[in-house]
Amino acid sequence: MASAIKPRQLMHQFLTRLRLTAIQNKYYSVTATPSTPAQAAPHVPVLCDTAIEYLQPQPGGKYIDMTFGAGGHARRLLDNCPEATIYALDRDPVAHQLAQRMSQEQNYKGRLVPLLGKFSELPQLLQTLNVPPRSFDGVLFDFGCSSMQFDEAARGFSIAHNGPLDMRMDCGRGGVSAADVLARIEEPDLARILRVYGEEKAAKKIARAIIEARSALHRIETTHQLADLVASVLGEGQRLDKLQRPSHVATKTFQALRIFVNNELNEINYGMLLARELLLRVQGRLVAITFHSLEDTIVKRHLNGNVIEGMANPVPLKYCGHDFTHDPELLESFVQSNWRQLHRHVILPDASEIARNSRSRSAKLRAAVKIK
């Protein structure tokens, strides 16, 4: 089953196009110190009713929740369709523990299968369980960090809560912490990460300040140290994000480091490939919830068929000239897609949901049916 898709090749293609693969290899070779999973409060699932509506769970159906989190979406699906089965994947050991506990509840015994790992580890996990290819009726993605990760200071994701600058979604199962990256990274590499992954216009200025602080003082080891340093460069106060909401000036820096540390864009790109090539049967449904433009762009371009060599095309088709390529098969792939989208425009949370859960404000939902 795993041989149908080449995980290592596909996992590195996105960073190769962005010229960040060399940086990844350079800083992922150190030995990381695992952090200890801590108990966290469950978060409120975003666009939950809408996601289940588009999945249309059927009795006897088999579904996979690729980002289990606290299990809000999975619980709602199983409650709505008592005869369905869900495979619950998450790279976070805390979320995996929640899935294991939920699988022992009377209402869900035998209907919830917890899996610990990243998208790139899923083919091997399913092979171990003897799950045949293209046997799922629906796939659900809920990308980004969960509230329970942001709210736990020891995880190092939040600007608001001081804690060790970790940011690893898997609690140290692999990779290195954000503090380890900042302790070793070179200035040009850091500036590129901040510019590409954080869409930070002041990337060079921030990168220079971090390197200078590291040389003059000591390691940047806490979230408040990093936030204060960025604030000293850009000025105290707040910015307005794309939705005209006030945000801390270090928000984009934190986002960039988190994406790099967790290899998030590669994992999202690979997850979309898995859904199409390995997981879904024909007429199976995909629902993806994203929280920023980098995630949404990858999902949108996969659904539109704007994919080159297994990777979401980083350039919109409207900027590609007619002489971009002479390969007929590649040209044909631009006008064909394996997906039929279930709605005309991206779906956003309504005012009532935003009032109940402010973290849903930036959410976007896309849903599609696999047609071939």
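Residues numbered from 1 in each chain as written. Predicted model: local features only at pLDDT ≥ 70, side-chain atom pairs only at ≥ 80, totals over all residues. Heavy atoms only, no water.

The protein has the name Probable methyltransferase-like protein 15 homolog in an unreviewed UniProt entry, where Drosophila hydei is given as its organism. On record in UniProt, under Sequence similarities (unreviewed entry), the comment for the protein is "Belongs to the methyltransferase superfamily. RsmH family." (UniProt positions renumbered as here; feature names shortened; annotations may be inferred.)

**Student:** Help me understand the sheet that holds strand 11 (residues 364-370) in this model?
**Tutor:** Picture the strands of a sheet paired through backbone hydrogen bonds; they go either parallel or antiparallel. The 7 strands lie next to each other as 3-2-1-4-7-11-10, forming an open sheet whose pairing is mixed. Sheet topology places strand 3 (112-116) and strand 10 (339-341) at the edges, where each strand pairs with a single neighbour. Put simply, the sheet's adjacent strands are angled 20 degrees from each other on average, direction ignored. Pairing of strand 10 with strand 11, which is carried by 3 bridges, proceeds in the antiparallel orientation. Bridged to W339 within strand 11 is K370. Relative to the sheet, helix 5 (residues 93-103) contacts strand 2 (85-90) and strand 3, its axis offset from that of strand 3 by approximately 160 degrees. The sheet contacts of helix 14 (residues 293-303) involve strand 7 (280-290), strand 10 and strand 11, and relative to strand 11 the element is tilted by about 20 degrees. (Pairing = 2+ DSSP bridges. Helix = DSSP H or I, 4+ residues; strand = E, 2+ residues; numbered from the N terminus. Axes fitted to C-alpha atoms, helices over the stretch in contact; angles between N-to-C directions. Contact = heavy atoms within 4.5 Å.)

**Student:** Explanation requested: the pattern of salt bridges in the structure shown.
**Tutor:** Any two side chains of opposite charge can pair, so long as their charged atoms come close to each other. A full pass over the atoms with the stated rule returns 11 salt bridges. Of the charged contacts, one joins R258 and E264 as a salt bridge, the two residues approaching to 2.7 Å between their closest N and O atoms. Considered together, R258 and E264 belong to a single accessibility category, that of buried residues. Taking the shortest distance from any N to any O, the salt bridge between R276 and E277 comes out at 2.6 Å. Salt bridges sharing common partners tie together D180, R219 and E221. (Salt bridge = Lys/Arg side-chain N within 4 Å of Asp/Glu carboxyl O. Buried < 20%, exposed > 50% of the residue type's maximum accessible area, 1.4 Å probe, protein only.)

**Student:** Whenever I open this one, unusual backbone geometry confuses me. Can you help?
**Tutor:** Excluding glycine, residues mostly have negative phi values, and the peptide bonds linking residues are mostly trans. Despite not being glycine, Q56 has its phi angle at roughly 50 degrees, a positive value. Note that Q56 resides in the loop between helix 3 (48-55) and strand 1 (62-65). The class of Q56 is partly exposed, set by a relative accessible area of 39%. Notably, R134 is not glycine yet its phi reads approximately 50 degrees, a positive angle. Position of R134 among the secondary structure elements: in the loop between helix 6 (122-128) and strand 4 (136-142). For R134, a relative accessible area of 43% gives the class partly exposed.

**Student:** Honestly, the environment of G235 in this entry has me stumped. Any pointers?
**Tutor:** By the element assignment, G235 lies in the loop between helix 11 (223-234) and strand 5 (238-240). The class for G235 is partly exposed, based on a relative accessible area of 27%. Sequence spacing of G235 and V249 is 14 residues, and the spatial spacing of their C-alpha atoms is 7.9 Å. Apart from residues no more than four positions distant in its own chain, G235 is found in contact with V230 and V249.

**Student:** Help me understand the packing of helix 10 (residues 203-216) against helix 11 in this model?
**Tutor:** To describe two helices that pack against each other, one gives the angle between their axes and the distance between the axes. Orientation of helix 10 relative to helix 11, taken along the N-to-C sense of each, is 125 degrees, at an axis distance of 10 Å. Between helix 10 and helix 11, the interaxial angle falls into the category oblique. The interaxial crossing formed by helix 10 with helix 11 has right-handed handedness. Listed contacts from helix 11 to K205, I206, A209, I210 and A213 of helix 10 are L226, L229, V230, V233 and L234. Of the residues assigned to the contact of helix 10 with helix 11, the class counts are 9 nonpolar, no polar and 1 charged. (Parallel < 35°, antiparallel > 145°, perpendicular 65-115°, else oblique. Left-handed = near helix turned anticlockwise from the far one by under 90°. Nonpolar A, V, L, I, M, F, W, Y, C, P; charged D, E, K, R; others polar.)

**Student:** Explain the packing of aromatic side chains here, please?
**Tutor:** Any pair of aromatic rings gets described here by the distance separating the centres and the angle formed by the planes. With the rule as written, the count across this model stands at 4 aromatic pairs. Judged by centre distance (5.4 Å) and plane angle (90 degrees), the ring pair of Y87 and F136 falls under edge-to-face. With Y87 in strand 2 and F136 in strand 4, this pair connects stretches of sequence that are 49 residues apart. For Y87, a relative accessible area of 12% puts it in the buried group. Relative to F141, the ring of F119 has its centre 5.5 Å away and its plane inclined at 80 degrees; by these criteria the two rings are edge-to-face. Residue F119 is located in the loop between strand 3 and helix 6, and its partner F141 is located in strand 4; the two are separated by 22 residues in the primary sequence. Owing to a relative accessible area of 9%, F119 belongs among the buried residues under this scheme. F141 gets classed as buried once you look at its relative accessible area, which sits at 0%. Taken together, the aromatic side chains of F119, F141 and F143 make up a single cluster linked through ring pairs. A cation over a ring is seen here: K62 above F136, with NZ or CZ 5.3 Å from the ring centre. (Phe/Tyr/Trp six-rings, centres within 6.5 Å; stacked < 30°, edge-to-face > 60°. Lys NZ or Arg CZ within 6 Å of the ring centre and 35° of its normal.)

**Student:** Explain the nonpolar core here, please?
**Tutor:** M66, L122, F141, L165, L226, L279 and L286 are the most contacted members of the largest nonpolar core, which totals 68 residues. When sequence neighbours within four positions are dropped, the list of residues in contact with L226 reads L165, L182, I210, I220, T253, F254 and L257. (Core = buried A, V, L, I, M, F, W, Y, C linked by side-chain atoms within 4.5 Å.)

**Student:** Would you mind going over the environment of N107 with me for this structure?
**Tutor:** The topology assignment puts N107 in the loop between helix 5 and strand 3. When the C-alpha positions of N107 and P82 are compared, they lie 8.4 Å apart, and in sequence the two are 25 residues distant.

**Student:** In this structure, what is going on with the side chain of D65? I would like to understand it.
**Tutor:** Within the secondary structure, D65 sits in strand 1. The charged side chain of D65 is buried without a salt bridge, its nearest counter-charge being R75 at 10 Å. Of note is the side chain of D65, whose polar atom sits 3.2 Å from the backbone nitrogen of T67. Not counting the four nearest positions on each side in its chain, D65 is found in contact with H73, A74, I86, Y87, A88, L89 and L140. (Lys, Arg positive; Asp, Glu negative; His and termini not counted. Polar contact = N/O pair within 3.5 Å; in protein donor to acceptor, adjacent residues only side chain to side chain.)

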